[in-house]
Structures are given as structure tokens and as C-alpha cells.
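One-letter residues, chain by chain:
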Amino acid sequence: MRGAKVSVRDLRKRYGAVKALDGVTFDVESGEYFVILGPVGSGRSTLLKCIAGLERPDSGDILFDGESVLGLPPEKRLAGYMPPGYALFPHMTVWENVAYGLWIRGYPRREVEERVEEALKLVGLLHRADSYPHQLSGGQRQRIALARALASGARVLLLDEPLTALDAVLTLEVRREVRRLAKSLGLTVIHVTHNQEEAMAVADRVAVMRRGRVEQVGSPEEVYFNPLTPFEAKFVADANLLPGKLVEVEGASGVAEVEGLGPVRVLHRGLAAGAEVLVAVRPESIRVGGSRFRGKVLDLSHLGHTLRLWVEVGKLRLRVDTEPVLGLKPGSEITFDLDEPLLAFEYSSWEGEGVE
Amino acid sequence: MRGLSRKALVVTGLTKRYPGVTALDSVSLEVGEGEYFAVIGPSGSGKSTLLKCIAGLERPDGGSVYIFGRRVDGLPPEERGVGLIFQEIYLFPHMTARSNVVYAAVARGVGRAEDVAREALSAVGVEVRARSLPRELSLGEQQKVSLARALASGARLLLMDEPYGSMDPRTAAQLRYEVRRLAKSLGLTVIHVTHNQEEAMAVADRVAVMRRGRVEQVGSPLELYLRPKSLFVARFVGGENNFLEGEVVGRDGPYVEVDLGVGAVKAFGDVEPGRAVVAVRPEKLKFAESGVLEGRVEAREFLGKVYKYVVRLRDGRSVLVKSRERVAQGAPVKLSFDPLDAVVFPYPPEGLAEALRYE
């Protein structure tokens, strides 16, 4: 089996006044694991449904291996679409769930049996063929939904928030398993999520979507460490966006005067001295225990392997991530350093909902 | 029962049996006034049954519930003085947000019900949406209205079962902090039941971990993370964990020496010599110049804040490592850890897989 190369060309789709897709273009290579990361309402699910054939774009094109599939109905596209929660039929057995799509398309009985058996073998659940979905674990239900997509002969898997129904530990196991399976079968995967960590963990490449447009396509590290917009810095890495002014420029680096912090070394893209900027400070690039800055802990929260602090520095409120340690509590005074250089964006490039 | 009056909630020996299952197996808990208390556990662990027994929605087979010092066994839910918040948000669909809240104040029989409702809506920050119908509100706003309704009803103890379960995770992650701040600023006591350990750890002062109808451990999020008292807690709380089998061979102050087969390590715990399991979290394993754990990087995932590695040890076992360092796939590495960051448990009689199982 070989996954199809998927090309999306200037895709547009409106619902009334809302531009769900506003000119989306990208290529997904054969066998690539491609993740679309974006908030609710960014157009990511509409995009996936257009690729699956469940929605019709207003204009633009979608090609599988260079051939337009716009004229094809969903069942002819060889794309397996998995909606959030995977929509298994509760009253049907595992076998029936996997076979259903083939039955309704009128496949001959032998063909159905062969394909279902093959698909269940691939996901390692042939021995649970007679079980009902409620008798399976969350991870197993996930694999059944995958088997259903595989049985239909899919060469492209379209996964819409595939992990939201699972709890934390299971999510980690299942996402690794799904990637492993797709890679071993050579399938092309387009996986939609709001979850930054999930996107980083499984993707070969990530597309960050916002308001019907793709803001950036790149490797997880590119998108995380080198975002093109302040929105991305905030959405992908949860960066603090701090207003300031560029006071020195030397090529792509420089010094910004951040309100409430003072001068910090920055990288920027072609800005001139005097420009109003937003400096992005990722929570983990604030190093508690340094000596340069001083702040007060307002509140704290345990996020697994990190401790999230809200720290007040003058009028600024910073989100800070540090190792879980004893002794920090609201009211604690801390000192910190910053990992420099930081990224500076032109202030006007932020069209978001207020800056901290 | 003097001394109970300062507790918002006391549960003693609560037991509930369904045919073939003991949903609650003699559960006892105390929650102080103003405390934000979370109950976590996998599905089927009894956490929702516990909440229903506290609320009066289920009748326990044994044990007692005291709310602000008053024994409430046998009282219906509406006479227990508690506010209930569920995943499914039950607002009257034909009534505005304000009317929904006023109704709760009227039902409680207070004068100035309109004022009470306004204060409640303003406390939860949806005053400007007061004239909207439930269907015109986002799920987050609807849940805030149901919170305002609980406040207007005069409840000082909020019982929440998966309150953010139907919301998209980003909304839920914001709302959980807002609700905590609100509860703290109003001095409310909260019992928050969830399967999502991250949500609980993020907002709770203390957390009870349930399994199979029993409470395995109660502690602050940091205690549960650093000093789990059982293998199950070590797995269920705080994200992924590594479990390494070995043999306790000696003692050194607060530590024991454990022979892992590839060499001896020290870890925190009070375990007799014999078969044992060392739990050490991926973020506590450090790439080092020297270390007993030697192996090769088999896989790397980028998670943003850190890289996650699967390291295959020389004896074939694999461990997870989280680090900000970028190490190449295939690279030989040595791993070390601070003995304070590793916890030793006696090898469980039912086997390691069974001790860790939660589905």
C-alpha cells in the first residue's frame, strides 16, 4: 500500500458571512504524517471535510496524486475519515462496524470478509471481532475506527481530533500507536487537533491555521521555535507577548526595550529601530533562580512535569513554567533570567484579542 | 460530633453496592471550609458514586455524610445546601440566564431575589449576558450561569462532576482557573470530580485518588507527584512514569539501595530487602557523564517545551526520558537521577501490570 500525495490549492469556503476557508494551499507528501493545528473555528474541520468529500468547497482544488478528486463522492476518494469520537455503532459488533461501509457499497461477501479480516489483523484486534464497542477500551475503539478506514481501502487517513475521547495516559499510548501503524502501512495522514503537544509529538510537519488561513507550515521545531506571527507564538508555545520598542538593530538581531522589564536581546524580521514590537517570551524560557529580574508569585498550578506560575513583575503578569519544587506559594518572591535572544514581532501584526 | 463544625464535608465509612460491584468500599474523607478538593480516578473507580452519595442523589448502603457539621443522611438533595454542577448543563431553555438564576434565589426563599441573582451573575462574570437564552450562550458561559445559579441558591459547598467534560479543552483550561479564583474569592468549598488528572492537579488544593471503590491516597498535587504511596498513584497522576524492577539490597538513611540488574541505584523509600519496583519520572532522568542506566536513544519526539526520548537500555528494557537537551537518534547515552526523585515500592503480589492497570 502507498499513501496518496494530497495537494490543496487555494481552497475557499464560505458559510454566510463567515469565511471558513480563505485560500488554503499546501501539499502533503505520500506517507507523510501531517498535522493541522488550530483553535476551534479556524477552519480546520471544514478543511478536513472538504478533503473527505463531505463538504464542497466554493472554489479551489483538491488533488490526490495529481488528480482532482472534487468530482468524486466520498466513497470513491479512498480517504478514510474519522470524526471526533470515532462514531462506532454501539449495537454492532467490531466485525460489523468494520464491514458496514463495505456492505452498504454492495461489495461481494467474500471481498468484505477478506478486507475486514485483513484490517482487523493490521490493528491487532481480530480476536475481538465479536465484541461490542462498549466492551473495548478507549484505545481499542480507536483502533477499530482505524480498521474501518483501512478496510475501505483508504490511502489517506483524515483524523479529526482523534484523541479527545481518551484520558491522559491512554492518549500518549494511542497517539504513538496510530503514528506507528500509519508509518508501517505507508499511509498519508492528515490529523486535525487543537493540542499543541499532540501536534508536535506525532507530526512530520505541522500547519498552523487561523481564521481560514494557514499561517505557517513547517517541522514541529520550526513552528515552535520560529513562529512567523505573534498569534502562532501564543497559540503554539503559549508565549507571553510583551509590548516594547526596538531600540537597536543590527541585521536580524537587536535590542528591544520591554515595558516593565527593560532591554532584552531579540531576533526580528526586517524591522527598523524605533518600531513598536511584541516580544514573545515562552513560559519555559523564563529561568527561575536567575538574578536579573524580580517578581512575585500570584498563583501556581501543577501541570504534570511542570509547575505553572503566574508572576507579577511591576505591571506585567507573566506565565512561567518551571520544575515542580517544594516551597513556592502565592506571595513568594522569585528571581529569574530570560533565555535570549527572544523573538520580536511588529506590534501591528497582532490582530488578537488583547495583549497581556 | 464536636470538631466537625469547621469541616465543610466529612464522609465516614461510605459504602455503596450495586449487584456484583462494590462501587464505594468504606470511603472516609474530610474537607476543610474553603478548600478546593478534587476526586480523581479512572472510570468505574467510584468517584461519581461518591459525589452522588454526598449530594443525596444516591442512597449509600452504609456510612454517613456531614455537611458543615450537620448529618445529612436521609435528607433529599435540595435540603443539603449544596450546589450541583454536572457535565450536562441543565438550564431552563425558555428562561433567560438571569431568570434561571433568579428562580434559584426565589426557590431558596430569599427576599431581594433579583439582587441576589445580579450579584451571582456578576460574580461569575456573565452579567452582560444576563438577557440571553441558554442556547445563545457558549458552553463555558452556560456552565458559568449554572454556577451563578448554585451561588444564588445559597450553596456554600459546590459539588462538580466533570464540569468541563463537554467543552473544548482550551475553553476548559481557562474556565478551570476562573472557577478556582471565584471559589477562593467567595470562600466556597468545592468538591470536583474528574477523570482528568491534569485538570485536578492544576486547580485543587488537595486531591483524592480513587481506585475500585477505595481512596488510594489523599494529598496536595505536589505530594502525589513527588511521593505517590502506591504504584497506581505513581502511574495515574503526573503524566508518564518509568517503572523499573529490581531487588532491594540495602539501606542508606532515607534511601534504599536497589540492584536493577545493570547496577545499583539509590531511591527514596522504606522497603524491606527483596523484589521491588523503582518509579522514576521521565523528566527526572538526566543525560549524564556517568550513570548506571546505559543505553541508546531509540526514538525522539519533540513536545515543545521538551524532547521525549525512548531509551533502550543495555538489558533490553526501555525507559522514557524528557529533557530540553537535543540528542540524536541512535546516540549512546547514560542516565542518572537524584535519589530523592525516585520512589521504591515492594513488588506487588498481584504483579506489576495488574498493579498499574486502570482500565
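Participant: Hey, could you go over the overall build of chain B for me, with residue numbers and the actual values?
Facilitator: Secondary structure assignment for chain B yields nine helices and 20 strands. Across its three principal axes, chain B shows a C-alpha extent of roughly 75 × 45 × 35 Å. For chain B, buried positions account for 44% of its 359 residues.

Participant: Quick one: what's the story with the domain arrangement of chain B, residue by residue and with numbers?
Facilitator: When its domains are assigned, chain B resolves into domain 1 (7–231) and domain 2 (241–356). For domain 1 of chain B versus domain 2 of chain B, the distance between C-alpha centres works out to 38 Å.

Participant: Let's hear about unusual backbone geometry: which residues, and what values?
Facilitator: Note that the residue after Glu340(A), namely Pro341(A), is joined by a cis bond; omega there is 0°. Along the chain, Pro341(A) turns up in the loop between strand E18 (333–338) and strand E19 (342–346). In the Ramachandran plot, Asp238(A) falls in the positive-phi region, its phi being about 55° despite a non-glycine side chain. Positioned with a positive phi, Glu162(B) is a non-glycine residue whose angle comes to about 45°.

Participant: Quick rundown of the sheet that holds strand E15 (residues 286–287) of chain B? Include the residues and the values.
Facilitator: Whether parallel or antiparallel, the strands of a sheet pair through hydrogen bonds between backbone atoms. Residues and elements named next belong to chain B. Spatial ordering of the open sheet is given by E15-E19-E16-E17-E18, a layout of five strands whose pairing is antiparallel. For this open sheet the edge positions go to E15 and strand E18 (318–323), each flanked by a neighbour on one side alone. As paired strands, strand E16 (residues 293–302) and strand E19 (residues 332–336) are joined by four bridges and run antiparallel to one another. For Gly295, the partnering residue across the bridge sits in E19 and is Val333.

Participant: So what's going on with the domain arrangement of chain A? Which residues, and what values?
Facilitator: Each assigned domain of chain A is listed here: domain 1 (6–230) and domain 2 (240–349). Taking only C-alpha atoms, the centre of domain 1 of chain A and the centre of domain 2 of chain A are 37 Å apart.

Participant: Lay out the nonpolar core with the relevant residues and their values.
Facilitator: All names here are of chain A. One finds Ile51, Val98, Ala147, Leu158, Ile190, Val279 and Ala280 to be the most contacted residues of the largest nonpolar core, which totals 103 residues. The biggest single contributor to this core is helix H4 (residues 138–151), with seven residues. Residue assignment places this core across two domains, with domain 1 (6–230) and domain 2 (240–349) each supplying three or more. The contacts of Val98, once residues within four sequence positions are left out, are Val116, Ala119, Leu120, Ile144, Ala147, Arg148 and Ala151.

Participant: I'd like to hear about the pairing of strand E1 (residues 7–18) of chain B, residue by residue, with values.
Facilitator: The side chains of a regular strand alternate, residue by residue, between the two faces of the sheet. All names here are of chain B. Examined bridge by bridge, E1 and strand E2 (residues 21–32) share eight bridges and lie antiparallel to one another. Counterpart to Tyr18 in the pairing with E2 is Val21. Hairpin geometry of E1 and E2 is characterised by an intervening segment of two residues between the two adjacent antiparallel strands and by a positive phi of about 85° at Gly20. Direction of pairing for E1 relative to strand E4 (residues 62–67): antiparallel, over a ladder of five bridges. The residue of E4 that forms the bridge with Val11 is Val65.

Participant: Pulling in residues and values, what's your account of the sheet that holds strand E6 (residues 79–82) of chain A?
Facilitator: Residues and elements named next belong to chain A. Read across the open sheet, the six strands follow the order E6-E7-E8-E3-E9-E10; overall the sheet is mixed. In this open sheet, the two edge strands, each paired with only one partner strand, are E6 and strand E10 (213–218). In this sheet, neighbouring strand axes are inclined to one another by 15° on average, regardless of whether the strands run parallel or antiparallel. Pairing of strand E3 (residues 33–37) with strand E9 (residues 205–210), which is carried by four bridges, proceeds in the parallel orientation. What sits directly across from Leu37, in E9, is Val208.

Participant: Could you give an account of helix H2 (residues 97–108) of chain B, naming the residues involved and the relevant values?
Facilitator: Residue and element names in this part refer to chain B. The terminal C-alpha atoms of H2, which comprises 12 residues, lie 17 Å apart, in line with the 16 Å expected from a rise of 1.5 Å per residue. If you check which residues of H2 are buried, you get Ala97, Arg98, Asn100, Val101, Val102, Ala104 and Ala105. Contacts from the buried residues of H2 go to helix H3 (113–123) and helix H4 (139–152).

Participant: Provide a residue-level description of the interface of chain B and chain A, including the pertinent values.
Facilitator: The partner chain A presents 26 residues to the 25 residues of chain B that form the contact. Contributions of two or more residues to the side of chain B that touches chain A are made by helix H5 (169–186), helix H6 (197–203), helix H7 (221–226) and E16 of chain B. Tallied by class, the residues present in the side of chain B that touches chain A amount to nine nonpolar, six polar and 10 charged.

Parameters and conventions
- Residues numbered from 1 in each chain as written.
- Chains lettered and ligands numbered in written order.
- Predicted model: local features only at pLDDT ≥ 70, side-chain atom pairs only at ≥ 80, totals over all residues.
- Helix = DSSP H or I, 4+ residues; strand = E, 2+ residues; numbered from the N terminus.
- Buried ≥ 20, exposed ≤ 12 C-beta atoms within 10 Å, placed from the backbone.
- Domains from an automatic or database assignment.
- Pairing = 2+ DSSP bridges.
- Core = buried A, V, L, I, M, F, W, Y, C linked by C-beta atoms within 7 Å.
- Contact = placed C-beta atoms within 7 Å.
- Axes fitted to C-alpha atoms, helices over the stretch in contact; angles between N-to-C directions.
- Expected span 1.5 Å × (residues − 1).
- Nonpolar A, V, L, I, M, F, W, Y, C, P; charged D, E, K, R; others polar.

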